[in-house]
Structure formats: C-alpha cells, structure tokens
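What follows is the residue order along each chain.
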Amino acid sequence: MALLRVENLSKYYPVSNGIFGRTNMNKANQNISLKLDAGKTLAIVGESGSGKTTLARQIIGIEKPTKGSIWLDEHKINFDNRRDRKKRFKKIRMIFQNPYDSLNPQVRVGHSLEQTLIINTKLSGKQRRKKIEETLLKVGLQQEHQYRYPHMFSGGQRQRIAIARAIILEPSIIIADEPLSALDVSIQAQILNLLQSLQEDMGISFIFISHDLNVVEHISDTVMIMYHGQVVEYGNVSQIFDEPLHPYTQALFASTPLYRSRFPQFLSQSVVARSSTSLSGCVFANRCQYCEHKCRSNRPALVNADQDYQIACFRFE
Ligand SMILES: Nc1ncnc2c1ncn2[C@@H]1O[C@H](COP(=O)(O)OP(=O)(O)OP(=O)(O)O)[C@@H](O)[C@H]1O
Ligand SMILES: [Mg+2]
C-alpha cells in the first residue's frame, strides 16, 4: 500500500502575453504520477523551471491542481474539504530552500513551534513545552534556543529550526525543496545526516527535491527526472544511476563533473543546443541528439519499460 499516490496531476497557470489581452497557459506540471512508500525517499530532479516546486506545493495543499488526484493512505483527497486539508497539513510537512523566508523574524522560535502545536493538536501547555524541548534536541539545537529570534541563528541552525517545525507534528511525509542549497558544504553534510537519522528514528518518508546528483544517489530509493513540467524518466535509484536511458538524464549526468567519467559516452547539455521547447512534440526534442522527425510532431507517452521503471522517449517504445 502506497503512503502517497499522485495520479495525472497537472497545474496550468494563466499568463497574459500582452497582445490584445490574450491569455496563454503555462503548463507548469503535466500529467504527473508518482508513488511514495512508507519510510522511503523519492528524489525529484530537473533543471530550474521544470515544475518541481509547483508539484510540491500541490502535494502539500498550498496550490490546487488544475487536474488529477492525490491519495494519502489510500484516501482520495478532496481539495475543497477543510478536514482533508487539515489532515494533509499535519501528515505532510515541507522544508524550504531558504529557511529564513519561512520563519517569521518577529516571532521567537519556541512561540512559533507552540503555535503549530496549538493549531494542530490537543496537547496541554505542559505537554507542548515538553514537545518543543524534545524536538529542539532531536534536531541538534538546545532548549534555550526556543527563546531566540530567527536572526540570532546561523544558516545551518535556521535550517534545523525549519526541520523542527516540520517534524513537531510527527508527519509521515516531509517534502524538502532544495534544503541544502543555501548552506555551505560542511553544513550541508550535517543537515543531510540529520534528515537521514530522523528518517530512521521516525520512519518518515521523504520527497527530496535537489539539483545535486551526488546527494540524490546517496539518499534516495526512487528518482523522478522532470523536464519542462513532465516526467521523462522514473525508476529505482540504481537503475537511473547505473544506466540512465532518457537523453535528458544522460545530458544531466554528462554535465556533472562527478559523473562525467562514469558516463564518457554521453553528450553534455552544453554540447546539445539549447532552444525553446517543441509545442506538440517531445518536450526535449529541440535539445536532443537523437531527435527524429516524429519527435517534433508527436509527444512520447511515459511508458512502463520495466517493472517500476518508466520512460518517455520514442527510442524505448
Ligand atoms: N504562481 C505562478 N504563476 C505563474 N507561473 C508560475 C507560478 N508558479 C510557478 N510558475 C511557473 O511554473 C514553472 C515551474 O516553476 P517551478 O517553481 O515549479 O520550477 P522549479 O522546478 O521548482 O524551478 P527551480 O529549480 O528554479 O526552483 C515556471 O515556468 C514558473 O514560471
Ligand atoms: Mg523550485
């Protein structure tokens, strides 16, 4: 039984093109499906603007999907139901790239953690204080840190506060959207270790959005590669990292120094010409070294090429 299932989720944003007030649709997510099992980590990888944060925002409920459905514990979420929204808020928590943006600078850390508990639990004042102290210790902070304001912490400590806020309601899923990219390398390793030990202790499942392929290989069970709002390749971490098949995934590896020697046969993205996306054809057609005539006119469907492995490319249909 999957803890979380997303089926054919799409999000379109109306954007005005300024000519005669006409409105076009920016298809930030198109027909995205995924599955997350208990205690596992799904990594989402894709270049800037590929729709990773948009997907995360729909899963936690900040945005309503244009189309598609989300299932939590095999219960189909009703996007307009208040009780469903509240339940989802407790069960799925998010950690953002820049912790400073998500913390209110005028509120002491303990107070903001307590507000989360007041709104979402029936704990007494004494129980809340105990929970806050326990949670701060769990994320490697000290009890007295609850009396400080966010600006009185280092970047790494602030990300620990954001993690405390994410775990204090004992969620079953945490979505971490580029949680390391605002931190320096030594702190990145500490935060990554913290997330992994929390996963082991609390059995939390993670959706981990990252540009860092090395981190993704290290922590994830399954990997979803997105390009221009669509999933182009999706499979077990070993499958994707041993034999990436989609030309975009191959280009991604070839552009990453750490993997270039592992895959010397792949052409890097800088070699593949960069231009706009084909409207009716494959989203990667204009940058693909294998592009054929039909790739420009037809869009390849995401097909099951193997058990638990999917790819959207005519070369594998
Ligand atoms: N509120 C919005 N209104 C209109 N367009 C939006 C909105 N939010 C996102 N978009 C568009 O949706 C697309 C996907 O954006 P998104 O933030 O999900 O990308 P991302 O993969 O998270 O990128 P990054 O790696 O830079 O964080 C982009 O083209 C973006 O401009
Ligand atoms: Mg983003």
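All of these numbers come straight from a predicted model, not from anything done at the bench.

## Examining the packing of helix α6 (residues 155-167) against helix α7 (residues 185-202)
Across the interface, α6 lies against α7 with an axial gap of 10 Å and an inter-helix angle of 20°. With respect to α7, the axis of α6 lies roughly parallel. Considering the relative orientation of α6 and α7, their crossing is right-handed. Contacts between α6 and α7 involve G155, G156, Q159, I163 and I167 from the former and I187, Q190, I191, L194, L198 and M202 from the latter. Among the residues forming the contact of α6 with α7, the class breakdown is seven nonpolar, four polar and no charged.

## Examining the site of ligand 1
Around ligand 1, the structure places Y13, V15, N26, A28, G46, S48, G49, S50, G51, K52, T53 and T54. If you list the elements that add at least two residues to the shell around ligand 1, you get β1 (4-16), β2 (23-36) and α1 (52-60). A per-element tally of the shell around ligand 1 places α1 first, with three residues. In the shell around ligand 1, the residues fall into three nonpolar, eight polar and one charged.

## Things to note about unusual backbone geometry
Positive phi, close to 50°, is recorded for N31, a residue that is not glycine. Inspection of the secondary structure puts N31 in strand β2. The phi torsion at E170 lies on the positive side, around 50°, for a residue other than glycine. On the secondary structure map, E170 appears in the loop between α6 and β7 (173-177). Judged by C-beta crowding, with 14 C-beta atoms within 10 Å, E170 ranks as partly exposed.

## Section: the sheet that holds strand β5 (residues 75-76)
In space, the four strands of this open sheet follow the order β2-β1-β4-β5, with antiparallel pairing throughout. Two strands bound the open sheet, and with one partner strand each, they are β2 and β5. With ten bridges connecting them, β1 and β2 associate as antiparallel partners. Bridged to L4 within β2 is L36. Seen against the sheet, α1 touches β1, β2 and β4 (67-72) and runs at an angle of roughly 120° to β1.

What counts, and at which threshold
- Residues numbered from 1 in each chain as written.
- Chains lettered and ligands numbered in written order.
- Predicted model: local features only at pLDDT ≥ 70, side-chain atom pairs only at ≥ 80, totals over all residues.
- Axes fitted to C-alpha atoms, helices over the stretch in contact; angles between N-to-C directions.
- Helix = DSSP H or I, 4+ residues; strand = E, 2+ residues; numbered from the N terminus.
- Parallel < 35°, antiparallel > 145°, perpendicular 65-115°, else oblique.
- Left-handed = near helix turned anticlockwise from the far one by under 90°.
- Contact = placed C-beta atoms within 7 Å.
- Nonpolar A, V, L, I, M, F, W, Y, C, P; charged D, E, K, R; others polar.
- Near = placed C-beta within 6 Å.
- Buried ≥ 20, exposed ≤ 12 C-beta atoms within 10 Å, placed from the backbone.
- Pairing = 2+ DSSP bridges.

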